[in-house]
Amino acid sequence: MGRYERLKDAIVLGFLVLSLTRLVTGRFVVEKNNLRVTSPESIKGTHDSAIGNFGIPQYGGSMAGTVVYPKENQKGCKNFSDFGTSFKPKSGAMPNFLLVDRGDCLFALKVWNAQNAGASAVLVADNINEALITMDTPEADSSSATYIQNITIPSALIEKSFGEKLKKAISGGEMINVNLDWREAVPHPDDRVEYELWTNSNDECGFKCDMLMNFVKDFKGAAQIIEKGGYTQFTPHYITWYCPQAFTVSKQCKSQCINHGRYCAPDPEQDFSIGYEGKDVVLENLRQLCVFRVVNETKKPWVWWDYVTDFQIRCPMKEKKYNKECADSVIKSLGLDLKKIEKCMGDPDTDSDNPVLKEEQDAQVGKGPRGDVTILPTLVVNNRQYRGKLEKGAVLKAICSGFEETTEPAVCLSSDVETNECLDNNGGCWQDKAANVTACKDTFRGRVCECPVVNGVQFRGDGYGSCVASGPGRCKINNGGCWQAAKEGRSVSACLDHEGGKCTCPPGFKGDGVKNCEDIDECKEKKACQCAECTCKNTWGSYDCSCSGDLLYIRDHDTCISKRATEVKSAWAAVWVILMGLGMAAGGAYLIYKYRLRSYMDSEIRAIMAQYMPLDSQNEVPNHVSDDRA
């Protein structure tokens, strides 16, 4: 690409980003919480502070502590451990709120260093006299993304004049006790909370996209529970840009926009020549909006969370699956009406407004206490923009603070919940009804589609479209997903019951082993009965051979022999068997006769010897001679 093309791309991209500012009025509302000084008397009172857009604010609650101001590293841009400083409170003491000055580094880095040093909260004193602003996270690089994601303490920006009063009192030896109060940060008028999430389907925009994707997956379970219970009314939104009129016919706008430049998204790779285009993102955003509209009409708005999380898992950009075909497969797996969704999306090539996206652009403009939406992601609770880390526990706390007291649902009191999504359409996961096996599993984070372990047999697959039994014992469960059949009194299977075994048709069959195995006609393929006198007949999975005339077929040798020769051989075999039998009988009789004769002679000899030479230990044995004296 030449310099001119790159310059033109940069100009158009700049106009696309600039068009967002022209689209909205630029009305930005700073969300605040109360900071009340309880001592000393000289500065006692209530002041406003702007809630930081990172960390975890204690929505619905308050936090008391003591303000400390460091003697060194007063802007907090370096590790306090380098100065041997710790703000961890002593046992029994109040938490320390670290006061630092604005400037020289990111707001988030100041808070991270303070958290590592043991501070429980951070107050950043402005360095110029101006209205309060929101401390936001910039486009984070790899070095800052980790610590921004791990900030857990709350922070707030205070006005320069108030900061000067705090520092003066501390230098004078005063002990300053303050109370940070978030109880009125979110209105709580009734027993239902309305909240909105401004999100995006682009999963390759860096740290903020990763944070958003992780939040949606993590928060899904809790969101669906409170929505099913009627406690909340949730609405997703998507930001769109428009292409300036002068550039609508340019190839850059055509690749980034739909409806002739009316609805655009920045190029995912920030490079018009590679990868996905901005209009791909706009179309998927529109599809997700229409999914919500369709499921909302069926009184099941919580199914939107299933679609967006499944789309993230199954259709990522990095695997080149971010497309309509993959999206349609997700829609079908959830049992949604694809035709209704496509009708809702309309024609992206028409030169007219899209009603769905037009409403989204109107919704970007702030109304009442809510400011314009210009940052992704943005969460709005009871028409107040949420500030802080987009994390399940923190967001749930903010939503729960929007309920009128004593009307909070059970999920606000415990995170140990189940969603029971598997009861409806099996959660869109794989299942085998015949074997009563499913990949759907309910957890407190919502259902997950993971191939199960059944009776010690592991199923493997993506959990959505397929799961196949693997390893020893797999043939016991649904025959391992392989083909099997029974016919003519014979049962056969293509399953091999060992680790790594594939579905293989048994001998006598051919096919893929999964859906079918067809009988091989061994006779036709000349694999059997090859002798000249043989006649072959095919059977299911085998064959039968016969011989003409008086010939007899010998299968092992694939040959025919004469039946007369067979009969002669059989006769001689019978004679030999009889002769061998007679010989064995004679030998046996002789052995018995010899044994009995020898036993009788031994008995007579012993009797005679005992008469004439009696043994000391043997009684006399009567002989067999008659006694004349009788």
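This one's a predicted model, so the numbers in the text were calculated from it and none came from an experiment.

**A short note on the UniProt feature "domain: EGF-like" (unreviewed entry) in the chain**
Logical step 1: In the numbering used here, UniProt assigns the "domain: EGF-like" (unreviewed entry) feature to residues 503–517.
Logical step 2: Secondary structure over residues 503–517 splits into 0% helix and 13% strand, and the C-alpha atoms at its two ends are 10 Å apart.

**A few points about the nonpolar core**
Logical step 1: Ranked by size, the top nonpolar core spans 108 residues in total, and within it Y195, F219, Y307 and I399 carry the most contacts.
Logical step 2: Once residues lying within four places of it in the same chain are set aside, the contact partners of Y307 are E284, R287, Q288, V291, A327, V330, I331 and L334.
Logical step 3: Core analysis: the next-biggest nonpolar cluster, separate from the first, contains 14 residues, C429, C451, A469 and I477 among them.

**Concerning empty space enclosed by the protein**
Logical step 1: Throughout the structure, instances matching the rule amount to 2 cavities of 30 Å³ or more.
Logical step 2: Roughly 230 Å³ of volume is contained in the largest cavity.
Logical step 3: Every residue lining the largest cavity is counted, 20 residues in all, and those nearest its centre are N53, M211, P377, G388 and L390.
Logical step 4: Considering each element in turn, the lining of the largest cavity owes the most residues, 3 residues, to helix α5 (residues 207–228).
Logical step 5: Residue composition of the lining of the largest cavity, by class: 10 nonpolar, 6 polar and 4 charged.
Logical step 6: Of the volumes computed, that of the second largest cavity is approximately 80 Å³.
Logical step 7: If you go around the second largest cavity, the residues you meet are T199, N200, S201, L212, M213, V216, Y238, Q288, W304, V308, F311 and Q312.
Logical step 8: Going through the elements one at a time, α5 and α8 (303–314) are the ones with two or more residues in the lining of the second largest cavity.

**As for the sheet that holds strand β9 (residues 232–238)**
Logical step 1: In space, the 4 strands of this open sheet follow the order β9-β8-β12-β13, with mixed pairing throughout. Because the sheet does not close on itself, it has two edges, and the strands there are β9 and β13 (384–385).
Logical step 2: Here strand β12 (residues 378–381) pairs with β13 via 2 bridges, running antiparallel. Within β13, the position partnered with V381 by the bridge is R384.
Logical step 3: Across the face of the sheet, α5 comes into contact with β8 (193–199) and β9 while running at roughly 155° to β8.
Logical step 4: Sheet strands touched by α8: β8 and β9. Its angle to β9, the strand with the most contacts, is close to 40°.

**Points about the environment of T374**
Logical step 1: On the secondary structure map, T374 appears in the loop between α11 (355–363) and β12.
Logical step 2: Residue classification places T374 among the partly exposed positions, given a relative accessible area of 35%.

**Topic: the state of the cysteines**
Logical step 1: One pass over the structure, following the stated rule, counts 12 disulfides.
Logical step 2: Each sulfur of the disulfide joining C482 and C503 lies 1.9 Å from the other. What sets the handedness of the C482 and C503 disulfide is the S-S torsion sign, and at about -75° it is left-handed. Taken together, the positions of C482 in the loop between β20 (468–470) and β21 (484–487) and C503 in the loop between β22 (490–493) and β23 (509–510) put the pair 21 residues apart, joining distant regions of the chain.
Logical step 3: Here C482 falls in the buried class, since its relative accessible area comes to 8%.

**Focus on the pairing of β8**
Logical step 1: Within β8, 6 of the 7 residues are buried, leaving the element largely enclosed by the surrounding structure.
Logical step 2: Each parallel crossover has a hand, and the one from β8 via α5 to β9 is right-handed.

**Observations concerning the side chain of K110**
Logical step 1: Relative to the helices and strands, K110 is located in helix α2 (residues 107–116).
Logical step 2: One buried charge, K110, has no salt-bridge partner; the nearest side chain with opposite charge is D104, at 6.7 Å.
Logical step 3: For K110, the side chain forms a polar contact with the main-chain oxygen of G103, separated by 2.7 Å.
Logical step 4: Excluding its chain neighbours within four sequence positions, the residues that come into contact with K110 are K75, G76, C77, V100, D101, R102, G103 and C105.

**Here's the deal with the packing of aromatic side chains**
Logical step 1: Under the definition given, this model contains 16 aromatic pairs.
Logical step 2: An angle of 85° between the planes, with centres 5.1 Å apart, marks the rings of F80 and F87 as edge-to-face. The pair formed by F80 and F87 is uniform in burial state, with each residue classed as buried.
Logical step 3: Residues W304 and W305 carry aromatic rings whose centres are separated by 5.1 Å and whose planes lie at 85° to one another, so their mutual orientation is edge-to-face. This pair shows no difference in class: W304 is buried, exactly as W305 is.
Logical step 4: Following the ring pairs from residue to residue traces out a cluster consisting of Y195, F215, F219, F234, F292, W304 and W305.

**Remarks on the confidence of the model for the chain**
Logical step 1: With 85% of its residues at a pLDDT of at least 70, the chain reaches an overall mean of 82.
Logical step 2: A low-confidence stretch, residues 1–25 stays under pLDDT 50, and its non-local contacts, those more than four residues away or across chains, total 41 contacts.

**Some thoughts on the sheet that holds strand β1 (residues 32–39)**
Logical step 1: Here we have 7 strands rolled up into a closed barrel, ordered β1-β2-β6-β5-β4-β3-β7, and mixed in their pairing. Strand after strand, the sheet turns through a mean of 40° between neighbouring axes, direction not considered.
Logical step 2: With 3 bridges connecting them, strand β3 (residues 62–68) and strand β4 (residues 96–101) associate as parallel partners. Looking at β4, one finds that T66 is bridged to N96.

**Concerning the pattern of salt bridges**
Any two side chains of opposite charge can pair, given that their charged atoms come close.
Logical step 1: Evaluated as defined, the whole model comprises 18 salt bridges.
Logical step 2: The partner of R183 in a salt bridge is D181, and the shortest N-O contact between them spans 2.7 Å.
Logical step 3: Classification of R183 as partly exposed rests on a relative accessible area of 43%.
Logical step 4: Residue D181 is classed as buried on the basis of its relative accessible area of 17%.
Logical step 5: The salt bridge partner of K321 is E319, with a shortest N-O separation of 3.4 Å.
Logical step 6: With a relative accessible area of 37%, K321 lands in the partly exposed category.
Logical step 7: We classify E319 as partly exposed; its relative accessible area is 42%.

Rules behind the numbers
Residues numbered from 1 in each chain as written. Predicted model: local features only at pLDDT ≥ 70, side-chain atom pairs only at ≥ 80, totals over all residues. Heavy atoms only, no water. UniProt positions renumbered as here; feature names shortened; annotations may be inferred. Helix = DSSP H or I, 4+ residues; strand = E, 2+ residues; numbered from the N terminus. Core = buried A, V, L, I, M, F, W, Y, C linked by side-chain atoms within 4.5 Å. Buried < 20%, exposed > 50% of the residue type's maximum accessible area, 1.4 Å probe, protein only. Contact = heavy atoms within 4.5 Å. 1 Å grid on protein atoms, 1.4 Å probe; cavity = no way out; pocket = protein on both sides within 12 Å on 5 of 7 lines; lining within 4 Å. Points joined across faces, edges and corners; volume = space filled by probe spheres on them. Nonpolar A, V, L, I, M, F, W, Y, C, P; charged D, E, K, R; others polar. Pairing = 2+ DSSP bridges. Axes fitted to C-alpha atoms, helices over the stretch in contact; angles between N-to-C directions. Disulfide = S-S within 2.5 Å. Right-handed = clockwise from strand over helix to strand, strands pointing away. Lys, Arg positive; Asp, Glu negative; His and termini not counted. Salt bridge = Lys/Arg side-chain N within 4 Å of Asp/Glu carboxyl O. Polar contact = N/O pair within 3.5 Å; in protein donor to acceptor, adjacent residues only side chain to side chain. Phe/Tyr/Trp six-rings, centres within 6.5 Å; stacked < 30°, edge-to-face > 60°. pLDDT = per-residue confidence, 0-100.

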